[in-house]
Amino acid sequence: MKLIILKDKTEVAQLLSKIIIDIIKVKPNAILGLATGSSPIETYDLLIADAKNNKRDWSKVVTFNLDEYVGLTPDHVKSYRYFMNHQLFNHIKSLNLKNTYVPKGIGDLDQNVEEYEKLLKEKGPIDLQILGLGTNGHIAFNEPGTLASSKTHVVNLTKETIEANKRFFSKVEDVPTKAVTMGIHTILQAKLIVLIATGTNKAQAIRELVEGKVSPNYPCTFLQNHDDVTIIIDEEAATLLKPTISKKN
């Protein structure tokens, strides 16, 4: 794993957007694994600006999102499909929406996860997978206890995750309690993985990821088993790392 510690979330977003843009430059038909939540929003803003200012061609780019809430239709304002359309996809004119894939959280869920996993195998492997990080160490919606062998599946969200996500809803009762998510095994098939995390609330999970042992208790630690992982964090997220580690970066 490569660890990069930057000053703040703006610097994190700037570096991540550069990594994404560089991949598209080299491979115009790149397959990108994308994340939702608050962490990548600034990165997406920079990608939109680059596409407009530099006429970046996204026409052959294919995207796969990590997860989706169970029970929310794609046009629901709190669904991840809606989030991606409004935070990124709709603002890049050259991007073909037919090349953007988000798991389905309604209908036959068993069939949905099978079809998504099949689609990933047919189109993949993913060239670059972007990950955020939950305060409990989850990546995508792979909560503590998830096995390394897990593929795309339906998961029950923990109370901690529901509590963390209530800020996106009117009240905690509105937060879905289940989600469809890529599994650990699925995520680890990506050629390159970049995880971003900012803020002191992510410091414990970052310490486990960087210094801890591989354990289902912190699903992020399974990333230690991948050959090409870059972790980009701000100084606040690095506060619990050993000085000898943080000073190397």
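Residues numbered from 1 in each chain as written. Predicted model: local features only at pLDDT ≥ 70, side-chain atom pairs only at ≥ 80, totals over all residues. Heavy atoms only, no water.

**Concerning the packing of helix 1 (residues 9–26) against helix 2 (residues 41–54)**
Where helix 1 contacts helix 2, the axes come no closer than 8 Å and their chain directions differ by 50°. As judged from the angle between their axes, helix 1 and helix 2 are oblique. You can see that helix 1 and helix 2 cross each other, and the crossing is right-handed. Of the residues in helix 2, those in contact with Lys9, Thr10, Ala13, Gln14, Leu16, Ser17, Ile20 and Ile21 of helix 1 are Glu42, Thr43, Leu46, Leu47 and Asp50. Per-class residue counts for the contact of helix 1 with helix 2 are six nonpolar, four polar and three charged. (Axes fitted to C-alpha atoms, helices over the stretch in contact; angles between N-to-C directions. Helix = DSSP H or I, 4+ residues; strand = E, 2+ residues; numbered from the N terminus. Parallel < 35°, antiparallel > 145°, perpendicular 65-115°, else oblique. Left-handed = near helix turned anticlockwise from the far one by under 90°. Contact = heavy atoms within 4.5 Å. Nonpolar A, V, L, I, M, F, W, Y, C, P; charged D, E, K, R; others polar.)

**Regarding helix 4 (residues 109–123)**
Given a rise of 1.5 Å per residue, 15 residues ought to cover 21 Å, and the 21 Å separating the end C-alpha atoms of helix 4 matches this to within 8%. When we look at burial in helix 4, the residues that qualify are Leu109, Asn112, Val113, Tyr116, Glu117 and Leu120. One side of helix 4 holds all its buried residues, which, seen down the axis, span an arc of 125°. Residues of helix 4 that are exposed and point over 90 degrees away from its buried face: Asp110, Glu114, Lys118, Lys121 and Glu122. Residue Asp108 occupies the N-cap position of helix 4, its side-chain oxygen lying 3.2 Å from the main-chain nitrogen of Asp110. (Expected span 1.5 Å × (residues − 1). Buried < 20%, exposed > 50% of the residue type's maximum accessible area, 1.4 Å probe, protein only. Arc of directions from axis to C-beta. Polar contact = N/O pair within 3.5 Å; in protein donor to acceptor, adjacent residues only side chain to side chain.)

**Describing the sheet that holds strand 7 (residues 153–156)**
Strand order in the open sheet formed by three strands is 4-8-7, with antiparallel pairing between adjacent strands. Every interior strand has two partners, whereas the edge strands, strand 4 (67–69) and strand 7, have only one. Averaged over neighbouring strand pairs, the angle between their axes works out to 25° when direction is ignored. Bridge count for strand 4 against strand 8 (residues 178–181) is three bridges, and the pairing is antiparallel. Considered in strand 8, the bridge of Asp67 is made with Thr181. (Pairing = 2+ DSSP bridges.)

**Digging into the UniProt feature "domain: Glucosamine/galactosamine-6-phosphate isomerase" (unreviewed entry) in the protein**
If you check UniProt for "domain: Glucosamine/galactosamine-6-phosphate isomerase" (unreviewed entry), the listed places come out as residues 11–229 in our numbering. The span residues 11–229 carries 33% helix and 15% strand; its end-to-end C-alpha distance comes to 19 Å. (UniProt positions renumbered as here; feature names shortened; annotations may be inferred.)

**Section: the nonpolar core**
Generally speaking, nonpolar side chains in soluble globular proteins are found buried as a group. Core analysis: the biggest nonpolar cluster contains 64 residues, and Trp58, Leu195, Ile206 and Ile233 have the highest contact counts within it. Broken down by element, this core gets its largest block of residues, seven residues, from helix 1. Once residues lying within four places of it in the same chain are set aside, the contact partners of Ile233 are Leu3, Ile4, Ile5, Leu6, Val12, Ala197, Ile206, Ala238 and Leu241. Formed by 10 residues, the second largest nonpolar core is a distinct cluster that contains Leu72, Phe141, Val175 and Ala179. (Core = buried A, V, L, I, M, F, W, Y, C linked by side-chain atoms within 4.5 Å.)

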